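Breakdown of the fold
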Amino acid sequence: MSNNELSEQEIQRRESLNKLRSLNIDPFPAPLYPVDALSSELLQNYEEGKEVCLAGRMMSRRIMGKASFAELQDSEGRIQIYLNRDELCPGEDKALYNTVFKKLLDLGDFIGIKGTVFKTQVGETSVNVKELTLLSKSIRPLPFPKTDAEGKVYDALTDPETRYRQRYVDLVVNPHVKETFIKRSKIIASMRAFLNSKEYLEVETPILQSIPGGAAARPFITHHNALDIPLYLRIANELYLKRLIVGGFDGVYEFAKDFRNEGMDRTHNPEFTQMEIYVAYKDYRWMMDFTEEMLENICNDVLGTTDVQIGENKVSFKRPFKRISMIDAIKEHTGIDISAMNENELRETCKKIDVPADESMGKGKLIDEIFGEKCEHLYIQPTFITDYPVEMSPLCKKHRDNPELTERFELMVNGKELANAYTELNDPIDQKARFEEQVKLAEKGDDEAMFIDQDFVKSLEYGMPPTSGMGIGIDRLCMFLTNNSSIQEVLFFPQMRPEKKEVKIDLTENEKLIHDSLKNHEQIALAELKSQFDFSNKAWDTAMKGLAKKNLLKVSKENDELLVRPI
């Protein structure tokens, strides 16, 4: 990177880097630094005169002649440090304080300090620095928020585009963001501990799959060079986990990265985390009780309460949750009973109540659209929507009381789906027939219809015990329990559209003169523009052709006059 592309601060920091090296100070030393304390420990458990060794970023600095104060930020927070020139440099050589600390260190640099804990006259816990070591030089300035005399913060890093693309910067200058991800980690740890307490086995299954099964979704496709076959990033891990139930495990679960090549918005990311669990000899009614217990336990464990603020809504995760069938939910909110309708009648119903539908949609998808448009957003408190039509659930067992329905539930919270569960289909003949129905939907144009997984059907032919399975979206659960409305806020590095970069165009001296002049006009007569420059005809023609070729101007003709406008 040339100096022409660097800001003034970046140039100054690189100059400081070189000066440090000229003083035989390595700005990026390799040896271990023996940290033995954290800022939070010292602030919470004050111990006068305690000798400590800390490390972190220098986030502020107040130089007052022979003494200075600075703030050190480590993984736990910030603490004030005090540097006295003569204590830091007891000998004749004062360069460490006068030159290194005051002139060559910058905000954002990683430093290590050794010293003793004390309290200032105003009672602030601080560390009196006896030794100072540069641990890593920051050659790009952090976007520090500014504070006015009244303590009001402005110029804070709030732009989502910058925050998500440069999460490493976001975490440094916006400490509350770090708390979101700490809480996310605790949510996952609490869920894992709960599942382990039930003695279910955590497993791992393939991410690259020859057939993307377990959900109705559009997959990402890649190619395996060694085997010369197409492969898919998994859209779900369901079919592999059920194979393990066939193999003799009574309960298995997996925290899985899944991938769906679909839309992106505030609640969807193409790469997401899901926990799926399958337990033998259970059904979906048992799984509702289990899901309630797990979520109530996580809230109490992580938040200390089951009452959670989600946007403008206060949501209670205290058991029991409301339960209502999908058909009754549609009837409750539209007044229409769809239970006996065929596909054509459903399509007509969609038209009457302004629900978008197209010819590729089968009966199940039409019902799903009606529920999604008219009902889903109304369920704020945790609610199990149960007993889905059979066409919507090709991996789910038919309802024991009504063969038109399946034993399935989705848990709705704050108007969004949080979990999905079945009494699993374990009849191999029925399963194959359901897969074949999905093929017909694909032929009609449904690009989310399921593939036929013949090996999975074969596994069922060996026999799978009665089983219930459930998948829960970890990202969405974290959104709810951290009160974030955007999935990007709970993903360290969310998928982003490619960053638009300004293309630098090299211009000749004559081209630049003409181009700069054009910036002052929406349109100008070619003759008038030419009169501003003392160019030869050849030089003028060369410059104008160059600008036109670089798409920086356009010449047009109006009333027999040639006009030039910038592009």
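Residues numbered from 1 in each chain as written. Predicted model: local features only at pLDDT ≥ 70, side-chain atom pairs only at ≥ 80, totals over all residues. Heavy atoms only, no water.

By size, the foremost hydrophobic cluster in this structure holds 43 residues, and its most contacted members are Met191, Met275, Ile277, Met294, Met470 and Ile472. Of the residues forming this core, the biggest block, nine residues, is contributed by helix 9 (residues 284-302). Residues within four places of isoleucine 277 in sequence aside, it is in contact with Leu195, Tyr200, Val252, Tyr253, Met287, Phe290, Ser468, Gly469 and Met470. Listed in part, the 25 residues of the second largest apolar core include Leu20, Met58, Ala70 and Leu104. (Core = buried A, V, L, I, M, F, W, Y, C linked by side-chain atoms within 4.5 Å. Buried < 20%, exposed > 50% of the residue type's maximum accessible area, 1.4 Å probe, protein only. Helix = DSSP H or I, 4+ residues; strand = E, 2+ residues; numbered from the N terminus. Contact = heavy atoms within 4.5 Å.)

As a packed pair, helix 10 (residues 326-334) and helix 12 (residues 363-374) sit with axes 10 Å apart at the nearest point and diverge in direction by 50°. Viewed along their axes, helix 10 and helix 12 adopt a mutual orientation that is oblique. Crossing hand, helix 10 versus helix 12: left-handed. Facing Met326, Ala329, Ile330, His333 and Thr334 of helix 10, the residues of helix 12 in contact are Ile367, Ile370, Phe371 and Lys374. Here the contact of helix 10 with helix 12 is built from residues that sort into six nonpolar, two polar and one charged. (Axes fitted to C-alpha atoms, helices over the stretch in contact; angles between N-to-C directions. Parallel < 35°, antiparallel > 145°, perpendicular 65-115°, else oblique. Left-handed = near helix turned anticlockwise from the far one by under 90°. Nonpolar A, V, L, I, M, F, W, Y, C, P; charged D, E, K, R; others polar.)

Volume-wise, the second largest pocket comes out at about 360 Å³. If you trace the second largest pocket, you find 15 residues lining it, with Gln73, Asp74, Ser75, Gly77 and Lys178 closest to the centre. Taken together, the elements giving at least two residues each to the lining of the second largest pocket come down to strand 1 (51-64), strand 2 (67-74), strand 3 (77-84), helix 6 (167-173) and helix 7 (175-197). A per-element tally of the lining of the second largest pocket places helix 7 first, with four residues. When its residues are assigned to classes, the lining of the second largest pocket shows five nonpolar, four polar and six charged. (1 Å grid on protein atoms, 1.4 Å probe; cavity = no way out; pocket = protein on both sides within 12 Å on 5 of 7 lines; lining within 4 Å. Points joined across faces, edges and corners; volume = space filled by probe spheres on them.)

Now for a negative patch on the surface. On the surface, a cluster of negative charge is contributed by Asp36, Glu41, Glu76 and Glu179. You can see glutamate 76 is positioned in the loop between strand 2 and strand 3. Classification of glutamate 76 as partly exposed rests on a relative accessible area of 47%. (Patch = residues over 30% accessible without salt bridge, like charges linked within 9 Å, V, L, I, M, F, W, Y side chains within 5 Å. Areas by Shrake-Rupley, 256 points an atom, 1.4 Å probe, with all protein chains shown as cover. Salt bridge = Lys/Arg side-chain N within 4 Å of Asp/Glu carboxyl O. Lys, Arg positive; Asp, Glu negative; His and termini not counted. Charge placed at Lys NZ, Arg CZ, Asp CG, Glu CD.)

So, about the sheet that holds strand 1. Backbone-to-backbone hydrogen bonds join strands into a sheet, with any given pair of strands oriented parallel or antiparallel. If you walk around this closed barrel you meet the five strands as 1-2-3-5-4, and the pairing is mixed. Shown here is a sheet whose adjacent strand axes are inclined to one another by a mean of 55°, direction ignored. Bridge count between strand 4 (residues 110-119) and strand 5 (residues 125-136): ten bridges; the pairing is antiparallel. Opposite threonine 116, over in strand 5, you have asparagine 128 as the bridge partner. On top of the sheet, helix 4 (residues 95-104) reaches strand 1, strand 2, strand 3 and strand 5; it is set at about 70° to strand 1, its chief contact. (Pairing = 2+ DSSP bridges.)

Attention now goes to the side chain of threonine 306. Considering the arrangement of structural elements, one finds threonine 306 in the loop between helix 9 and strand 14 (307-310). Judged by relative accessible area, which is 12%, threonine 306 ranks as buried. Residues contacting threonine 306, with those up to four places away along its chain left out, are Glu296, Cys299, Asn300, Val315, Ser316, Phe317 and Lys318.

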